Amino acid sequence: MRRKDREITDYTQIAAIMGNCDTCRLGLVENQIPYIVPLSFGYEMDEKHHITLYFHSASEGRKLDLIRQNNHVAFEMDTAHELFGHDTDACGYGMRYQCVMGTGAARLVEDEAEKIHAFDQIMAHYTDKKLPYKPQYLHAATIIAVDVVDISCKVHK
């Protein structure tokens, strides 16, 4: 990272920033051309700081086709945007933000218990409600899990 003064390496802080993000952009590759899709997500971090991101999807479509072709993905999420500066010089403006980005290996979740766990993580990210899942929707949806391999976090205050 070029700006080491903005780098966050503490996993508690990284998790807090992830918790404030409402969208995660998943980067895939199609014939050497990047494809980015914004998604709702959930995540978990274990005691060894291994992070898994979870996304839900329809059971067919471009992103699933691309993951089946190449499961190496990139991701990015950001929050806390705030323009700052002064009105006398356009170059005097800047943007405050917090962002998390990285790479990982995507996999499609087949196990029903893991699928429910993933849905629980997605729901927990957006609400404190614990609601049941209708079996027809559970079976119709596909869960994408991304096991994070590399992560970086940057904050511009």
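Our structure is the block above this text.
Computed from a predicted structure; not experimentally measured. (Residues numbered from 1 in each chain as written. Predicted model: local features only at pLDDT ≥ 70, side-chain atom pairs only at ≥ 80, totals over all residues. Heavy atoms only, no water.)

K.L.:
Can you explain the overall build of the chain? Please cite residues and give values.
P.N.:
Secondary structure summary: the chain contains 4 helices and 7 strands in total. N-terminal to C-terminal, the α/β element order of the chain is α-β-β-β-β-α-β-β-α-α-β. Per-residue burial for the chain yields a buried fraction of 39% across its 157 residues. Long-range pairs, those at least 24 residues apart, make up 70% of the contacts in the chain with a sequence separation of at least 6. When the accessible surface of the chain is summed, it comes to about 9,500 Å², and 51% of that surface belongs to carbon and sulfur atoms. Mean positive and mean negative side-chain charge positions of the chain (17 and 23 charges, respectively) differ by 3 Å. (Helix = DSSP H or I, 4+ residues; strand = E, 2+ residues; numbered from the N terminus. Buried < 20%, exposed > 50% of the residue type's maximum accessible area, 1.4 Å probe, protein only. Contact = heavy atoms within 4.5 Å. Areas by Shrake-Rupley, 256 points an atom, 1.4 Å probe, with all protein chains shown as cover. Lys, Arg positive; Asp, Glu negative; His and termini not counted. Charge placed at Lys NZ, Arg CZ, Asp CG, Glu CD.)

K.L.:
Talk me through the environment of L83; I want residue IDs and the actual numbers.
P.N.:
With respect to the secondary-structure elements, L83 resides in strand β5 (residues 72-84). Residues L83 and Y97 lie 14 residues apart in sequence; the distance between their C-alpha atoms is 9.0 Å. The residues touching L83, leaving out its near neighbours within four places in the chain, are Y93, G94 and M95.

K.L.:
Please set out the nonpolar core residue by residue, giving values where relevant.
P.N.:
One finds M18, L26, L53, F55, F75, M77 and V100 to be the most contacted residues of the largest nonpolar core, which totals 30 residues. Those elements that place two or more of their residues in this core are α1 (11-20), β1 (24-30), β2 (33-39), β4 (51-57), α2 (62-69), β5, β6 (94-109) and β7 (142-156). Y54, V109, A118 and F119 belong to the second-largest nonpolar core, a separate cluster that totals 9 residues. (Core = buried A, V, L, I, M, F, W, Y, C linked by side-chain atoms within 4.5 Å.)

K.L.:
Requested: an account of unusual backbone geometry, with residues and values cited.
P.N.:
In this structure, Q32 is a non-glycine residue whose phi angle is positive, near 65°. Positionally, Q32 belongs in the loop between β1 and β2. Judged by its relative accessible area of 78%, Q32 falls in the exposed class. In this structure, A80 is a non-glycine residue whose phi angle is positive, near 55°. A relative accessible area of 40% means that A80 is categorised as partly exposed.

K.L.:
Pulling in residues and values, what's your account of a nonpolar patch on the surface?
P.N.:
Taken together, the side chains of L83, Y93 and M95 make up a nonpolar region of the molecular surface, amounting to roughly 290 Å² of accessible area. In this fold, Y93 is placed in the loop between β5 and β6. (Patch = residues over 30% accessible without salt bridge, like charges linked within 9 Å, V, L, I, M, F, W, Y side chains within 5 Å. Salt bridge = Lys/Arg side-chain N within 4 Å of Asp/Glu carboxyl O.)

K.L.:
Outline the sheet that holds β1, supporting the account with residue identities and numerical values.
P.N.:
Pairing is antiparallel across the open sheet formed by 7 strands, whose spatial order is β2-β1-β5-β6-β7-β4-β3. With one partner strand each, in any of the chains shown, β2 and β3 (42-45) form the two edges of the open sheet. Across the sheet, the mean angle separating the axes of adjacent strands is 30° when strand polarity is ignored. In terms of strand pairing, β1 meets β2 through 7 bridges, oriented antiparallel. Opposite G27, over in β2, you have I36 as the bridge partner. Running at roughly 115° to β7, α1 makes contact with β3, β4, β5, β6 and β7 of the sheet. Packed onto the sheet, α2 meets β1, β2, β4, β6 and β7 and runs at close to 60° relative to β1. (Pairing = 2+ DSSP bridges. Axes fitted to C-alpha atoms, helices over the stretch in contact; angles between N-to-C directions.)

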